[in-house]
Amino acid sequence: MMNPDMDSDSDAFTPPTPAQISSYHTHGFLILPATTSALVPPALFPALLSACEAVTARTRAGAWPHRRVVGKQFPPYGSAHSDSWGVQHVMHPDLGERAFAEYYAGYRVRRVACALLGCEEACLQMELFNLLINPTENEFSLRWHRDDVKGEATEDEERKALAIPHHGLQWNTALHEDASLYVVPGSHKVPRTPTQRVLSTGADAPANPFDMPGAICVVLHPGDTVFYNNNIVHCATYSPAAQRATLHASIGDTRGGTARARNILQHGLTWMREDRFKETLSADGQAMLARLEDMQRAVGEQGSLGYSLDG
Ligand SMILES: O=C(O)CCC(=O)C(=O)O
């Protein structure tokens, strides 16, 4: 059983209703507003914001090698110092910012994850936790994509890939206003239409995301969270003019076995096996981490699985 005492604000937190859970499964995404279902406990918000500012400054100064660089849409991102659109591995002990793990393994995240994944807490698997930031020099965009199905996949390949039970949850929690992400609701279940296929094949980011039939912009206010199935067709645009600090994370459900391994381990998670990382986590966090380690062991050394997408 989850322990609400882990979160002193839990009384003020409303977990997703059955209607919201159903909407998540139908549309492939769900926005939880800060006003009713804030994923970040109010008492943790300032610490999280300050942790984001610290790791962003370090990344922009070239002092953190795990970054998403402008010009590179998907892993591997390399470690060259460059204008950045993301900070990777925010729970890494070398960053020394405990607020991130407190949030990730906290009561609210675990509660919502169980509701949307339809699983018990004993199935929750720790995965990725990164921070998406605005570049400071260049506009940049991600092309339309599904995170774990290549754009070149045939309709049949796409149908087969989407039929594999997903057993994972991805989410963005915005600490500032954020209108970077675009999704095609419902596209996590069905192959692309011919027009959608044309607009999501190849390396180019869209000139205008609204050229994609069915696309909507996901607008988040500070503290809002969008949960999404990362095989929903989505893209994103980044501008130096729009300040962004959006927590970008995923969590798995062990009932998926190793189905999520490539998508998760391609980000390079060997550091999570170190005891000094484990020591920064609560008992709940350590239990989630142990399940990730089980998956790492089941697939052998990471790196052998390759990458989900090119570009
Ligand atoms: O910037 C975002 O919100 C989306 C990021 C994304 O699509 C990705 O990492 O594949």
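Everything that follows concerns the structure shown earlier in this document.
Structure report, in brief. Only a predicted model underlies this, so the values are computations on that prediction, with no experimental measurement involved.

Conventions used here
- Residues numbered from 1 in each chain as written.
- Predicted model: local features only at pLDDT ≥ 70, side-chain atom pairs only at ≥ 80, totals over all residues.
- Heavy atoms only, no water.
- Phe/Tyr/Trp six-rings, centres within 6.5 Å; stacked < 30°, edge-to-face > 60°.
- Helix = DSSP H or I, 4+ residues; strand = E, 2+ residues; numbered from the N terminus.
- Buried < 20%, exposed > 50% of the residue type's maximum accessible area, 1.4 Å probe, protein only.
- Pairing = 2+ DSSP bridges.
- Axes fitted to C-alpha atoms, helices over the stretch in contact; angles between N-to-C directions.
- Contact = heavy atoms within 4.5 Å.
- Near = heavy atom within 4 Å.
- Polar contact = N/O pair within 3.5 Å; in protein donor to acceptor, adjacent residues only side chain to side chain.
- Areas by Shrake-Rupley, 256 points an atom, 1.4 Å probe, with all protein chains shown as cover.
- Nonpolar A, V, L, I, M, F, W, Y, C, P; charged D, E, K, R; others polar.

1. A closer look at the packing of aromatic side chains
Here a ring pair, both rings aromatic, is described through the centre-centre distance and the interplanar angle of the planes.
No. 1: In the structure shown here, the tally under the stated rule is twelve aromatic pairs.
No. 2: Measuring from centroid to centroid gives 5.6 Å for Tyr-104 and Phe-129, while their planes differ by 35 degrees, and the two rings are tilted. Of this pair, Tyr-104 sits in helix α4 (residues 98-104) while Phe-129 is found in strand β4 (residues 124-133), placing the two residues 25 residues apart along the sequence.
No. 3: When its relative accessible area of 0% is taken as the criterion, Tyr-104 is described as buried.
No. 4: Taking the centre distance of 5.4 Å and the plane angle of 80 degrees together, the rings of Tyr-182 and Phe-210 count as edge-to-face. Here Tyr-182, found in strand β7 (residues 178-183), pairs with Phe-210, found in the loop between α7 (194-199) and β8 (216-220); they are 28 residues apart in sequence, far enough to count as distant.
No. 5: Classification of Phe-210 by relative accessible area gives partly exposed; the value is 49%.
No. 6: Taken together through their ring pairs, the aromatic side chains of Phe-100, Tyr-103, Tyr-104, Phe-129, Trp-171 and Phe-227 make up a single cluster.

2. Notes on unusual backbone geometry
No. 1: A cis geometry characterises the amide bond from Pro-75 onward to Pro-76, with omega recorded as 0 degrees.
No. 2: Tracing the sequence through the fold places Pro-76 in the loop between β2 (67-69) and β3 (84-87).
No. 3: Positive phi outside glycine occurs at His-89, with the angle close to 60 degrees.
No. 4: Looking at the element boundaries, His-89 is found in the loop between β3 and α4.
No. 5: Residue His-89 is classed as buried on the basis of its relative accessible area of 4%.

3. Quick notes on the sheet that holds strand β6 (residues 168-174)
No. 1: Taking strand neighbours across the sheet as the criterion, the seven strands line up as β1-β9-β6-β11-β4-β3-β2 in an open arrangement whose pairing is antiparallel. Each edge of the open sheet carries a strand with a single partner, namely β1 (29-32) and β2. Mean inter-strand twist for the sheet, computed between neighbouring axes without regard to direction, equals 20 degrees.
No. 2: Lying over the sheet, helix α1 (residues 18-27) contacts β1, β6 and β9 (225-228), oriented at roughly 140 degrees with respect to β1.

4. A closer look at the site of the ligand
No. 1: The environment of the ligand is made up of Arg-68, Leu-132, Leu-142, His-145, Asp-147, Asn-172, Leu-181, His-234, Ala-236, Tyr-238, Arg-244 and His-248.
No. 2: Asn-172 is positioned with one of its side-chain polar atoms (N or O) 2.9 Å from an oxygen atom of the ligand.
No. 3: Take Tyr-238: an N or O atom from its side chain is 2.5 Å from an oxygen atom of the ligand.
No. 4: Contact with the protein chains removes 97% of the 290 Å² of surface that the ligand exposes when unbound.
No. 5: Those elements giving two or more residues to the shell around the ligand turn out to be β5 (140-145) and β10 (234-238).
No. 6: If you tally residues by element for the shell around the ligand, the top one is β10, at three residues.
No. 7: A per-class count over the shell around the ligand returns five nonpolar, four polar and three charged.

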